[in-house]
Every structure is written in C-alpha cells, then in structure tokens.
Amino acid sequence: MNDVITTIFNHRSIRSYSKSPIKEDDLDKIIQASQHAPSSINGQHVSIIAIKDEVKKAKLAILAGNQSYIEEAPLFLIFCQDYYRAYLACQKNNVSLEIVNHLEATLVGAIDVGLSMMNAINVAESLGLGTVCIGGIRNQIEEVVRMLDLPSYVIPLCGLCIGYPEDKSELKPRLPHDAVYFEETYNPNLNKQIDQYDEEMANYMFQRTDGKSNRNWSEGIAQFYKNKSKRDIRKAMIGQGFKNE
Ligand SMILES: Cc1cc2nc3c(=O)[nH]c(=O)nc-3n(C[C@H](O)[C@H](O)[C@H](O)COP(=O)(O)O)c2cc1C
C-alpha cells in the first residue's frame, strides 16, 4: 500500500458536510489535479465551474432533485464537456468544427470529464475532504446551461460536492472481482456473482439504514433501469451544438 492506493481504497461518497470553507490553496490543487488528467488528443475537453454562492447552490440542489447536500457543501463544482476552445482553435485555423456533429465527440468528452473528475476526487479525499458526484444536475439540464451562461459546445455532465465530512459513511462493497475482471475474453455467466453481491449489499443496506431497508443491488438497478430516462439530454445537447449523429 502507498498513500495513493490508501486514498482510493478508502473512497466513499459523503452526503453530509460541515460549514467549514475549503482553503483556496486546496481548491487550487483540486483544479490542477483535474487539469493533469490525460485527455483525448490533448483536447482538454473539460471546464469546471465552481459554485460557492448560497442562493445558486440552493437552486441547483432543487434542480438536481432536492439533493440538499449540494446546498450544504461549501463548494459545488460542475464539470462540463467543453468543445468551445476546440471551436476557437478551428476558427483560428479556418476550418469548421465537424466533430461536434458526431456521437464520438460526446464519448470523448465524457471520458475526459470522468478522468478529470476522478483526479479531483482523489486529491480532495487525500486532503481530508469528502465528495459526492451529482449526475442529478442533468435532471433539468437546460436550466443549468442557462444558469451557468454556457456558450455553444459546452454542456454540464456532472457535479461534485466538496466539503469537510460531517459523518463518515461506511465503505460500499463492490461486485466480486470475477464479475468485472476477465482475461482474454468476456465471461457472461455472471448470475452466481450477482446473487453473491445481492446478499452482501442487502446486509450492507440493512446495517446502513438501521434495519429500514435490505434492498439488494439487482433490485436497486432494476428499479432504476426499468423506466425510460426522464432527462431530455438530446434536446439540451442539440441546443448546445452537439448533434450526436
Ligand atoms: C456519474 C455519477 C453520478 C452520480 N450522481 C449522484 C447523485 O446525483 N446523487 C448522489 O447522491 N450520488 C450520486 N453518485 C454517487 C453514487 O451513488 C456512488 O458513487 C455509488 O453509490 C458508490 O458509492 P460510493 O461512492 O460511496 O462508493 C453519482 C456517481 C457517479 C459516478
């Protein structure tokens, strides 16, 4: 074990924060870490917008589906997929920005955002801060686009609450190793592993909720995925210049 591995293995999402502000120096390290992530063709298709204003955080908490910890956390970072600088680069070189018409742009942008967020999370946690990702900002994505004054070719993908943990949640168990790691070819016979994980997660939930719930993993996933997504991402993306063909 080294410090990096220890930090990563100790990760758990934090949904309760103290009011203590984050040191500017720590925020600077978090943003620098995000920028140090690799990016496709060094395109650096990520922008981060920090929200510290209480009124804006309260509004975002509601937009994200009443997730009160967005308001509670002293800092809320919004990670955006950003092709605006690529647009400027193309303009400077007298060509059009063709890639935004293709789904490939969104895949690349989402990977870049994910890598950048992960660096931010690891550094924040190594500094004693807690975090939770907030995909809920895509619930009413067009409203978030307006709030942030985003130009064309920029779209918010995920938020990140950061603050000092008020309580330390339990580590959440992960799927068995042989359900996610394969050598040479994929093995689709995973029902046994899912049964095993369901049992583990049911026990975990029972303890975490003081006996109020023993919902297992597959029940949770099925509940979520049985419905069509209510988020109109395609419309928002088209509005921001991404055709995704
Ligand atoms: C892309 C993404 C979006 C997420 N969105 C939310 C969210 O809107 N609200 C929330 O409470 N947790 C959110 N999470 C946190 C996950 O629920 C959490 O990471 C997962 O349950 C594993 O738990 P752990 O992070 O404590 O290990 C999100 C995580 C990711 C990676």
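See above for the structure.
Report on the accompanying structure. (Residues numbered from 1 in each chain as written. Predicted model: local features only at pLDDT ≥ 70, side-chain atom pairs only at ≥ 80, totals over all residues. Heavy atoms only, no water.)

## A few points about the packing of helix 2 (residues 24-36) against helix 6 (residues 103-126)
Piece 1. At their nearest, the axes of helix 2 and helix 6 sit 7 Å apart, and the two run at 145° to each other. Here helix 2 and helix 6 pass one another in a crossing that is right-handed. Taken together, the residues of helix 6 that come into contact with helix 2 (itself represented by Lys-29, Ile-30, Ala-33, Ser-34 and His-36) are Ser-116, Asn-119, Ala-120, Val-123 and Ala-124.
Piece 2. Split into classes, the residues belonging to the contact of helix 2 with helix 6 amount to five nonpolar, four polar and one charged. (Axes fitted to C-alpha atoms, helices over the stretch in contact; angles between N-to-C directions. Helix = DSSP H or I, 4+ residues; strand = E, 2+ residues; numbered from the N terminus. Left-handed = near helix turned anticlockwise from the far one by under 90°. Contact = heavy atoms within 4.5 Å. Nonpolar A, V, L, I, M, F, W, Y, C, P; charged D, E, K, R; others polar.)

## Some thoughts on the site of the ligand
Piece 1. Neighbouring the ligand are 14 residues; His-11, Ser-13, Arg-15, Gln-67 and Lys-172 lie closest to it.
Piece 2. At a separation of 3.2 Å, an oxygen atom of the ligand approaches a polar backbone atom of Gly-136.
Piece 3. Here an oxygen atom of the ligand sits 2.9 Å away from a polar atom, N or O, in the side chain of Arg-174.
Piece 4. Surface burial for the ligand is 65%, taken as the share of its 630 Å² of free accessible area covered by protein chains.
Piece 5. Tallying contributions element by element places strand 3 (residues 130-134) first for the shell around the ligand, with three residues.
Piece 6. Residues that form the shell around the ligand fall into these classes: five nonpolar, five polar and four charged. (Near = heavy atom within 4 Å. Polar contact = N/O pair within 3.5 Å; in protein donor to acceptor, adjacent residues only side chain to side chain. Areas by Shrake-Rupley, 256 points an atom, 1.4 Å probe, with all protein chains shown as cover.)

## Quick notes on the state of the cysteines
Piece 1. Scanning the model with the defined rule gives zero disulfides in all.
Piece 2. The closest cysteine sulfur to the non-disulfide-bonded Cys-80 is located on Cys-158, 11 Å from its own sulfur.
Piece 3. Cys-80 gets classed as buried once you look at its relative accessible area, which sits at 0%.
Piece 4. Cys-90 forms no disulfide, and the closest cysteine sulfur to it belongs to Cys-80, at a distance of 20 Å.
Piece 5. Look at Cys-90 and you get buried, because its relative accessible area is 17%. (Disulfide = S-S within 2.5 Å. Buried < 20%, exposed > 50% of the residue type's maximum accessible area, 1.4 Å probe, protein only.)

## Quick word on the pairing of strand 3
Piece 1. Counting buried positions along strand 3 gives four out of five residues, so the element sits mostly inside the fold.
Piece 2. As paired strands, strand 3 and strand 4 (residues 154-163) are joined by five bridges and run antiparallel to one another. Counted as the bridge partner of Thr-131 is Ile-162 from strand 4. (Pairing = 2+ DSSP bridges.)

## Things to note about the pattern of salt bridges
Piece 1. Under the criterion given, the structure shown has eight salt bridges.
Piece 2. As a salt-bridge pair, Asp-26 and Lys-23 come within 3.9 Å of each other at their nearest N and O atoms.
Piece 3. Note on Lys-23: relative accessible area 51%, which makes it exposed.
Piece 4. Note that Lys-59 and Glu-143 form a salt bridge whose closest N and O atoms lie 3.1 Å from each other. Of this pair, Lys-59 sits in helix 3 (residues 54-63) while Glu-143 sits in helix 7 (residues 141-147), and the two are 84 residues apart along the sequence.
Piece 5. Members of the salt-bridge network, linked through shared partners, are Lys-59, Glu-143 and Arg-146. (Salt bridge = Lys/Arg side-chain N within 4 Å of Asp/Glu carboxyl O.)

## Considerations on the sheet that holds strand 4
Piece 1. Sheet architecture is open: four strands sit in the order 1-2-4-3, paired in antiparallel fashion. In this open sheet, the two strands that pair with only one neighbour each are strand 1 (46-51) and strand 3. This sheet shows a mean twist of 25° between the axes of neighbouring strands, independent of strand direction.
Piece 2. Pairing between strand 1 and strand 2 (residues 75-82): six bridges, direction antiparallel. Residue pairing in the sheet places Ile-49 in a bridge with Ile-78 of strand 2.
Piece 3. Packing against the sheet, helix 2 makes contact with strand 1, strand 2 and strand 4, and its axis sits at approximately 20° to strand 2.
Piece 4. Sheet contacts for helix 6: strand 1, strand 2, strand 3 and strand 4; angle to strand 2, the most-contacted strand, approximately 155°.

Nothing here speaks to function; it is geometry throughout.
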